Amino acid sequence: MKEKPVKSADIKAIRDRWAAAWPEAVKIWNPYVTLREPEWCMSQKMAEKEGLTGSFAMIRLTDHRIVIDVATVQDYQVEDFALQVLAHEIGHHVLIPANNYDNAGLFKRIRIALAGIENRAPLVSNLYSDLIINDALQRAMNLDMAAVYRHLQATCPVASKLHVWYMRTYEYLWGLPRGSLSGPKQLPQIDADASLAAAVIRSYARNWLDGAGRFALLAYPYLIEDKEHQQARDELSRYLDAEKSSEGSDIPGGMAEIDDQILEGIVDPRSEAIASYEGKGEAETDKSDRADKPELSKLRSTSGGTGPQQRYQQPGVYIDMMKQVDPSADENKLVNRYYRDIALPFLVPFPTDVTEPLAELLPEGTDPWEPGDPIEELDWFETALVSPVIVPGITTRSRVFSVDYDTPEKEQPFNLYVGIDCSGSMNNPRINFSWPICAGTIVSLSALRAGARVMSCLSGEPGLFLETPGFIKSENEVLTVLTSYLGTGYAYGIPRLKTPHLENVKGKTHLLIVSDDDIFSMLQAKDSDGRENYEIAENALQKAGGGGTFVLHSRPGWHHGDVERLQKMGWVVHYVTAESEMLEFARAFADRFYRRKGKKP
Amino acid sequence: MKKAQNVLNVPNVSEMIHHIKQCPAEFLGQPDRNGRSGISTEALVNDTVRTLTADDTAPRPIDITAAKRSLAELSLQQICCWALSHPFFRQIDDGWLRQFFCRGLSEVAPLVKPEQWVKDEERAEELARIIFAACGHCPGGESEAEAADRFDSVNTIKRLKVIEETKAAMERAQEIRRQMAEKAAREAANVYSRE
């Protein structure tokens, strides 16, 4: 009890010393860096509240803050290393990962490399970032980071192979004696891997995103076993300051795509080294550059490329990744973002208004003409009307003109009703990429972009359905319905077209229904009054007034009589024999209906 | 030929690395292996040996048989000629030079791109330590054990031998990774596929 106030006074003194070191730490990177002073947590309880556990410091990219647990600083006795610790944390903000976008990109690369053990990505990402920052501070900015590690490692058990390898990498980078950080458990393989890791850190110090895959592949063998991984985590927990740095952030775009550059960086440096060894005598050629690089298409298939041109991750993998980047991310928003990112290249361009002057200039009264004004602006007629005696600057007048613009007649784009079959035969779009949902996203977003209203409806009947509250303009609500999943019934429920929203819709509406062969059983089904659903389809089409299209995953010629009946009503039936053809359909549909405002079919 | 060593001031590794990285572009030119065009490595090596042995008129002290050596080795020999221009090497015994130029570089040279010796910090350190080990001196400020351990750390030949020896383990890890990736891709493709 007596010691506590003394400790708290110590903590305050440490906080003051660290606060005093802050401006200098900023200056190490750049005096123009504008970061707020860290949040000082005076107790571990406060630190836990901020999400800081295990380590004594962490960063948040969401509000560009650094959090320091002063009590743990004292526990680890690192109070004399304020400059190094603060400069390191600033490095996370200015060098790596620096922002949410690059942080997610880093996770993406590391996860592809860590196939099957993707849950280790935050750990590997943190270790890689620390190496890049510390090496820059130690070598380029002459800050003695080795002293901090020597101090911390003196009291830390080094038993796991990952830990030995990681610390041995620092020894390589900074020319420290063997075992000074990595302890006595040395193995030739770890030594060789650490030397390769040091080379990766040096080579990719600037383009660090490109080196992440190589680094993760070096770490891979030390992380396969759960026990090894857990042991390494426990031992390294004091260094983990950026694992959750993007928590609570906005979802960065473009993360669903796996581009070629990423796949090219998923190379094991050991294979590169062996390739250069086997290419003895040919070092002057670029043999090592060609080392063991599998073809991109092979890499794409093993890393689960899907969607247009197999360029995207599966939505389930994407959601898992983004939840690692930001554990508090909302799954609905993530899946919306996923389909939106894929649809973006296929949307119609934003509509533009073209205005043309009706008449070049319209006369609009007069102003005084003064000596010095252009002589051609002098209006002699108006001047003579003021006075027959001309006094420059007094009686002289000039004509004022204004430009009149045409207000062209604006055509209203058709509203869009998108009904998608979400019966048991459809993919869950949250786990696997779904072509119908991708197509629905493209047409819906194009319609919204053109200024139309959209109503989306998922239906798997008999069973469940989910629809937006009428025709709306909210992209998020439309996508939330489309990307949900029901998995009930056998087809799209035609009775959904009896919705009051279609009865009272303002403006013409186009009905788009995406389903398969089973829709004909649904159309033939009868309601309690003995009327076929065909009648509902016909009535809805008439009320909508903007035409209707059935997109069926089927073959032309099947259900010939039923198709003819639909066509007589005015429905257009479009067949796709492979789901991927829906992309081309959606593109053409959006182009036909929504490129330029109100273009009619 | 033995020179006085009582005031020998051995440079430390950092100094040698700095010296190696200052290598002029002329030493990095394409070696002339067939007597057509490029730098005559043989002439360069012999000039270096003449300078270090202080015997300016010695007729071709070393025959390096350029035609039999790889371009990488000849390039490394040229870089070594620059490295040996450090004043320290004029103060020490020169008996090691013949062995060094004829046999000392043939194994490591093909493993590293020539420009890496002067661009990459670690390779420059390795070259400095190769030269120190060949001339039988420890870098300034290091004990024999420290120098040997550090040389081990940057030794390309040893590193590659370890990687070769552990190739089976590496390939096993790669195979596990490949199988895991394929399994995940397969599951994703099949589990929820259409009826």
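Being a predicted model, the structure only gives us computed values, none of them experimental. (Residues numbered from 1 in each chain as written. Chains lettered and ligands numbered in written order. Predicted model: local features only at pLDDT ≥ 70, side-chain atom pairs only at ≥ 80, totals over all residues. Heavy atoms only, no water.)

### Looking at the overall build of chain A
This is how it is decided: The helix and strand labels rest on DSSP assignments: H or I over at least four residues marks a helix, E over at least two residues marks a strand, and numbering proceeds from the N terminus. Every radius of gyration here is taken over C-alpha atoms, with the globule rule written as 2.2 Å times N^0.38, N being the number of residues. Whether a residue is buried, partly exposed or exposed follows from its accessible area with a 1.4 Å probe, protein chains only, as a fraction of its type maximum: under 20%, in between, or over 50%, in that order. In what follows, residue pairs with any heavy atoms lying within 4.5 Å of each other are defined as contacts. In this description, accessible areas are obtained by the Shrake-Rupley approach with a 1.4 Å probe, and a residue is regarded as covered only by the protein chains that are shown. Note on charges: Lys and Arg go in the positive column, Asp and Glu in the negative column, and His and the chain ends are not counted at all. We put the charge of a Lys on NZ, of an Arg on CZ, of an Asp on CG and of a Glu on CD.
Of the regular secondary structure elements, chain A holds 24 helices and eleven strands. Relative to the 2.2 N^0.38 estimate, which gives 25 Å for 601 residues, the radius of gyration of chain A is 33 Å and therefore markedly larger than a compact globule would have. Dimensions along the principal axes, computed over C-alpha positions, put chain A at roughly 90 × 90 × 70 Å. Here chain A, with 601 residues, has 55% of them falling under the buried criterion. Within chain A, counting contacts between residues at least 6 apart in sequence, those at least 24 apart form 76% of the total. Carbon and sulfur atoms make up 50% of the accessible area of chain A, which totals about 26,500 Å². Placing the 65 positive and 85 negative side-chain charges of chain A at their respective mean positions leaves the two points 4 Å apart.

### What about the pattern of salt bridges?
Test applied: For salt bridges, the criterion is a side-chain nitrogen of Lys or Arg within 4 Å of an Asp or Glu carboxyl oxygen.
Per the stated rule, a full pass over the model turns up 43 salt bridges over all chains. Across the pair E503 of chain A and K543 of chain A runs a salt bridge whose closest N-O atoms are separated by 3.1 Å. A residue pair is termed long-range when its members are at least 10 positions apart, and E503 of chain A in helix α20 (residues 500-503) and K543 of chain A in helix α22 (residues 533-544) qualify at 40 residues. A residue is classified by how much of its surface remains accessible, and K543 of chain A, at 45% relative accessible area, is partly exposed. Residue R178 of chain B pairs with E182 of chain B through a salt bridge whose shortest N-O separation is 3.0 Å. Taken as a pair, R178 of chain B and E182 of chain B lie in helix α9 (residues 167-190) at a separation of four residues, close to a single helical turn.

### Observations concerning the side chain of N103 of chain A
Residues and elements named next belong to chain A. As for its placement among the helices and strands, N103 is situated in helix α5 (residues 100-113). What makes N103 buried here is its relative accessible area of 1%. When near neighbours in sequence (up to four residues on either side) are disregarded, N103 contacts L61, P97, S245, S246 and V325.

### Structural notes on the domain arrangement of chain B
Residues and elements named next belong to chain B. We count it as follows: Each domain's extent is set by a domain assignment, obtained either automatically or from a database. Throughout, the accessible surface (probe 1.4 Å) given up by two parts as they are put together, summed over both, is called the buried area. By the criterion applied in these results, polar contacts are pairs of N or O atoms within 3.5 Å in which, for protein atoms, one can donate a hydrogen and the other can accept it, and in which residues neighboring in sequence qualify only through two side-chain atoms. In the scheme used here, Gly and all other residues not listed as nonpolar or charged are polar, with Ala, Val, Leu, Ile, Met, Phe, Trp, Tyr, Cys and Pro taken as nonpolar and Asp, Glu, Lys and Arg as charged.
Domain annotation of chain B identifies domain 1 (13-142) and domain 2 (155-195). Here domain 1 and domain 2 have C-alpha centroids that lie 41 Å from each other. The interface of domain 1 with domain 2 comprises seven residues on the first partner and six residues on the second. Between domain 1 and domain 2 lies a buried interface of about 470 Å² when both sides are counted; carbon and sulfur atoms form 54% of it. Its largest share of buried area at the contact with domain 2, domain 1 owes to E107, L111 and E126, together 66% of the area lost on that side. There are two salt bridges connecting domain 1 and domain 2. One salt bridge in this structure joins K161 and E107, with 3.6 Å as the shortest N-O distance. Taken together, domain 1 and domain 2 are joined by two residue pairs in polar contact (both at pLDDT 80 or more). Partitioned by chemical class, the residues of the side of domain 1 that touches domain 2 number three nonpolar, no polar and four charged.

### Describing the environment of P495 of chain A
Residue and element names in this part refer to chain A. Within the element layout of this structure, P495 appears in the loop between α19 (475-482) and α20. Separated by 32 residues in the primary sequence, P495 and D527 have C-alpha atoms spaced 8.9 Å apart. Residues contacting P495, with those up to four places away along its chain left out, are M522, N533 and I536.

### Looking at the sheet that holds strand β9 (residues 509-516) of chain A
All names here are of chain A. For the record, the criterion: Think of it this way: DSSP has to see at least two bridges between two strands before they count as a pair. Every axis in this analysis is a line fitted to C-alpha atoms, fitted for helices over the stretch in contact. Angles between the N-to-C directions lie between 0 and 180 degrees.
Here six strands make up an open sheet; going across it, the order is β8-β7-β6-β9-β10-β11 and the pairing mixed. The open sheet terminates on both sides in strands that have one partner only, identified here as β8 (464-467) and β11 (571-576). Ignoring strand direction, the axes of neighbouring strands in this sheet form an average angle of 15°. Note that β9 and strand β10 (residues 545-553) share seven bridges and pair parallel. In the sheet register, I513 faces β10, and the bridge partner there is F550. Across the sheet, helix α23 (residues 560-569) touches β10 and β11, and the angle it forms with β11 is around 140°.

### Thoughts on a nonpolar patch on the surface
Rule in force here: A patch is a set of surface residues, each over 30% in relative accessible area and not in a salt bridge, joined within 9 Å for like charges and within 5 Å for the nonpolar side chains Val, Leu, Ile, Met, Phe, Trp and Tyr.
Taken together, the side chains of L361, F401 and V403 of chain A define a hydrophobic patch exposed on the protein surface, amounting to about 280 Å² of accessible area. Following the sequence through the fold, L361 of chain A ends up in strand β4 (residues 357-368).

### What about the sheet that holds strand β1 (residues 39-41) of chain A?
Residue and element names in this part refer to chain A. Read from one edge to the other, the open sheet built from three strands follows the order β1-β3-β2, with strand pairing classed as mixed. Single-partner strands in this sheet number two, and they are β1 and β2 (57-60). Averaged over neighbouring strand pairs, the angle between their axes works out to 20° when direction is ignored. Pairing analysis gives three bridges linking β1 to strand β3 (residues 65-69), with the strands arranged parallel. For C41, the partnering residue across the bridge sits in β3 and is D69. The sheet contacts of helix α4 (residues 82-94) involve β1, β2 and β3, and relative to β2 the element is tilted by about 25°.

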